[in-house]
Amino acid sequence: MSEIAIKVEHLSKKYRLGAVGTKTLYGDLNRWWYKVRGREDPFLKISDVSHRKIHKIGEDIWTLKDISFEVIKGEAIGIIGKNGAGKSTLLKILSRITNPTKGEIKVNGRVASLLEVGTGFHPEFTGRENIYMNGAILGMTRKEVTAKLSEIIDFSGVEKYIDTPVKRYSTGMYVRLAFSVAAHLQTDILILDEVLSVGDLEFQQKCLVKMEQVCRREGKTIIYVSHALKTVERMCDHAIYLKEGIICMNGPVQEVTTAFANEMNIPI
């Protein structure tokens, strides 16, 4: 029987839209006066327009709705769907960045995630220091990290700046080092969001080859979110199609990407 790496059971996530202060007493009082009169907030600059309706302040928004699935150890699974479908929320829950409102997840093994630029590294630390910090978070000893250090730096291509604080890195440099750390340290599960799309094409291809290697040869489990359906088909065995927080389809990657492309009327 295959070993399960991730098990998600009846998972739901709710957010409540809140108001941010206007930064002036006059503005806050004005906002309150409009509210008691039942009129639209004059300071509301951004509305969450998803699922073809406008959500109001104080309204509960369910970004994930009772989803369940399993991921087998050593499997690469793609998560696809439109913007606002709940993909990033799901990855944040799997990465323990946020907690579910309902349901539970069971994760078997060490998890490394690369979700968005700015997460996982301390901006004041150098690249080298951040590598060691990430290793410590994963429970690795300094000796274990040191054994991987040269490989991580070489793959990232930022050797010249490895002792510079990462706050001075360009977005591309940051992503290069962050991916290299996630892919080379001793992890069992690698969770990746669309963040790799900010890198140059050459590095993207290098990352895809590395992901294939860690999945096929090293037996790591990969959860991969991307809008590039061809890349998902190349990387993954199975795929999940999320739609408005619900699993619309879960199955072989080719079947799922084809169904999504047909519904969205996009070429693949």
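That block above? That's the structure.
Residues numbered from 1 in each chain as written. Predicted model: local features only at pLDDT ≥ 70, side-chain atom pairs only at ≥ 80, totals over all residues. Heavy atoms only, no water.

*Asks:* Describe the side chain of threonine 231, with residues and values.
*Replies:* By the secondary structure assignment, threonine 231 is in helix H7 (residues 229-235). The residues touching threonine 231, leaving out its near neighbours within four places in the chain, are Leu208 and Tyr224. (Helix = DSSP H or I, 4+ residues; strand = E, 2+ residues; numbered from the N terminus. Contact = heavy atoms within 4.5 Å.)

*Asks:* I'd like a rundown of the sheet that holds strand S7 (residues 111-114), residues and numbers included.
*Replies:* Taken together, the 6 strands give an open sheet; going across it, the order is S7-S8-S9-S5-S10-S11, and neighbouring strands pair in mixed fashion. Two strands lie at the open edges of the sheet, namely S7 and strand S11 (246-252), each paired on one side alone. Adjacent strand axes in the sheet meet at a mean angle of 15°, parallel and antiparallel pairs treated alike. Bridge count between strand S5 (residues 76-80) and strand S10 (residues 238-243): 4 bridges; the pairing is parallel. Each residue of the ladder has a partner; that of glycine 78, found in S10, is alanine 239. This element, helix H2 (residues 87-94), spans S5, strand S8 (189-192), strand S9 (221-225) and S10 of the sheet and lies at about 150° to S9. Contacting S5, S10 and S11, helix H8 (residues 253-264) runs over the sheet at an angle of about 135° to S11. (Pairing = 2+ DSSP bridges. Axes fitted to C-alpha atoms, helices over the stretch in contact; angles between N-to-C directions.)

*Asks:* Report on the side chain of threonine 126, specifying residues and quantitative values.
*Replies:* Here threonine 126 lies in the loop between S7 and helix H3 (127-137). The exposure class assigned to threonine 126 is buried, which follows from its relative accessible area of 12%. With residues near it in sequence (within four places) discarded, threonine 126 still touches Ile162, Asp163, Thr164, Pro165 and Val166. (Buried < 20%, exposed > 50% of the residue type's maximum accessible area, 1.4 Å probe, protein only.)

*Asks:* With reference to specific residues and values, describe the packing of aromatic side chains.
*Replies:* In this structure the tally under the stated criterion is 5 aromatic pairs. Ring geometry for phenylalanine 121 against tyrosine 174: centres 5.1 Å apart, planes inclined by 50°, an arrangement best described as tilted. Of this pair, phenylalanine 121 sits in the loop between S7 and H3 while tyrosine 174 sits in helix H5 (residues 171-184); the two residues are 53 residues apart in sequence, bridging distant segments of the chain. Residue classification places tyrosine 174 among the buried positions, given a relative accessible area of 8%. Its guanidinium or amino end placed over the ring of tyrosine 15, lysine 13 lies 5.1 Å from that ring's centre, counting from NZ or CZ. Positioned above the aromatic ring of tyrosine 132, the side-chain terminus of arginine 142 is 4.1 Å from the ring centre. (Phe/Tyr/Trp six-rings, centres within 6.5 Å; stacked < 30°, edge-to-face > 60°. Lys NZ or Arg CZ within 6 Å of the ring centre and 35° of its normal.)

Everything listed here is a matter of geometry and, on its own, says nothing about what the molecule does.
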